[in-house]
Amino acid sequence: GQSLEQPSEVTAVEGAIVQINCTYQTSGFYGLSWYQQHDGGAPTFLSYNGLDGLEETGRFSSFLSRSDSYGYLLLQELQMKDSASYFCAVRDRGERNFNKFYFGSGTKLNVKP
Amino acid sequence: SAVISQKPSRDICQRGTSLTIQCQVDSQVTMMFWYRQQPGQSLTLIATANQGSEATYESGFVIDKFPISRPNLTFSTLTVSNMSPEDSSIYLCSASWADGYTFGSGTRLTVV
């Protein structure tokens with residue numbers, strides 16, 4: 001099976017930097033994705049790491065260490081609109097060679113003025 | 001990435017009835033996936049839908065309860081059968097592309 005752990009809630013102030021960690025266990029690991037979900041909305045894709053290292057997309061960066069089964073999402077210059085839930089998801093090559101994503105429990109980010 | 005139209009966006013259903021949720025993708029995709037999300041909770045994978053073959057279900061989900069159709073590369077349906085209040089949840093379809101998923105807007109189901 002798969003298991004992912006991430007903090008349940010994080011609070012930060014506008015303009016700050018916040019890091020959301022994710023540790024995972026899975027047998028067919030293929031990569032790690034991050035999704036953002038605002039209340040009442042659908043998850044939207046933020047980033048994907050298939051290889052070790054840092055991927056940067058604007059204010060958001062994501063890091064992966066396959067040897068440590070660990071990744072994080074880094075949000076810089078926080079804005080109020082960044083208040084949302086953030087999910088890490090492992091890409092797992094299943095029995096029939098399908099690439100499926102399994103999601104963590106989510107981290108609720110509260111950005112305060 | 002693809003754009004997915006999902007409907008209905010919400011419904012209130014009587015227990016014992018069935019609801020079919022539809023997802024239309026604006027481009028051809030090989031794999032589609034159905035998830036369930038309780039409010040404030042994570043996304044749980046129900047099944048993988050591949051065109052031309054039976055859906056593959058995750059542990060705890062069965063075809064009789066959640067039959068899935070995938071008649072072509074742009075469309076899929078999920079039926080929630082013989083509903084009970086425990087089926088009240090948000091149901092999301094998704095399509096895979098190179099690095100991730102695109103999700104439909106979700107169906108908020110309440111069973112009374």
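Data block above holds the structure.
All values reported here derive from a predicted model rather than from experimental measurement. (Residues numbered from 1 in each chain as written. Chains lettered and ligands numbered in written order. Predicted model: local features only at pLDDT ≥ 70, side-chain atom pairs only at ≥ 80, totals over all residues. Heavy atoms only, no water.)

Right, let's get into the nonpolar core. Membership of the largest hydrophobic core comes to 39 residues, with the highest contact counts inside it found for A:Leu32, A:Leu75, A:Tyr86, A:Phe103, B:Tyr35 and B:Phe103. No other element matches the six residues that strand β9 (residues 84–93) of chain A contributes to this core. When near neighbours in sequence (up to four residues on either side) are disregarded, A:Leu32 contacts A:Cys22, A:Tyr24, A:Ser47, A:Tyr48, A:Asn49, A:Leu64, A:Gly71, A:Cys88, A:Ala89 and A:Val90. Counting residues in hydrophobic clusters, the runner-up holds 26 residues, among them B:Ile4, B:Val29, B:Tyr57 and B:Tyr91. (Core = buried A, V, L, I, M, F, W, Y, C linked by side-chain atoms within 4.5 Å. Buried < 20%, exposed > 50% of the residue type's maximum accessible area, 1.4 Å probe, protein only. Helix = DSSP H or I, 4+ residues; strand = E, 2+ residues; numbered from the N terminus. Contact = heavy atoms within 4.5 Å.)

All names here are of chain B. Ordered in space as β1-β3-β8-β7, the four strands form an open sheet in which the pairing is antiparallel. Two strands bound the open sheet, and with one partner strand each, they are β1 (4–7) and β7 (68–72). Going across the sheet, the axis of each strand differs from the next one's by a mean of 15°, ignoring polarity. Note: β7 against strand β8 (residues 75–80), three bridges, orientation antiparallel. From the neighbouring strand, isoleucine 68 faces β8, where its bridge partner is leucine 78. (Pairing = 2+ DSSP bridges. Axes fitted to C-alpha atoms, helices over the stretch in contact; angles between N-to-C directions.)

This brings us to the pattern of salt bridges. Residue and element names in this part refer to chain A. All chains considered together, the criterion is met by three salt bridges over all chains. Across the pair arginine 59 and aspartate 82 runs a salt bridge, and its minimum N-O distance is 2.7 Å. With arginine 59 in the loop between β6 (53–57) and β7 (60–65) and aspartate 82 in the loop between β8 (70–75) and β9, this residue pair connects regions lying 23 residues apart in the sequence. Neither arginine 59 nor aspartate 82 differs from the other in exposure class; each is buried. (Salt bridge = Lys/Arg side-chain N within 4 Å of Asp/Glu carboxyl O.)

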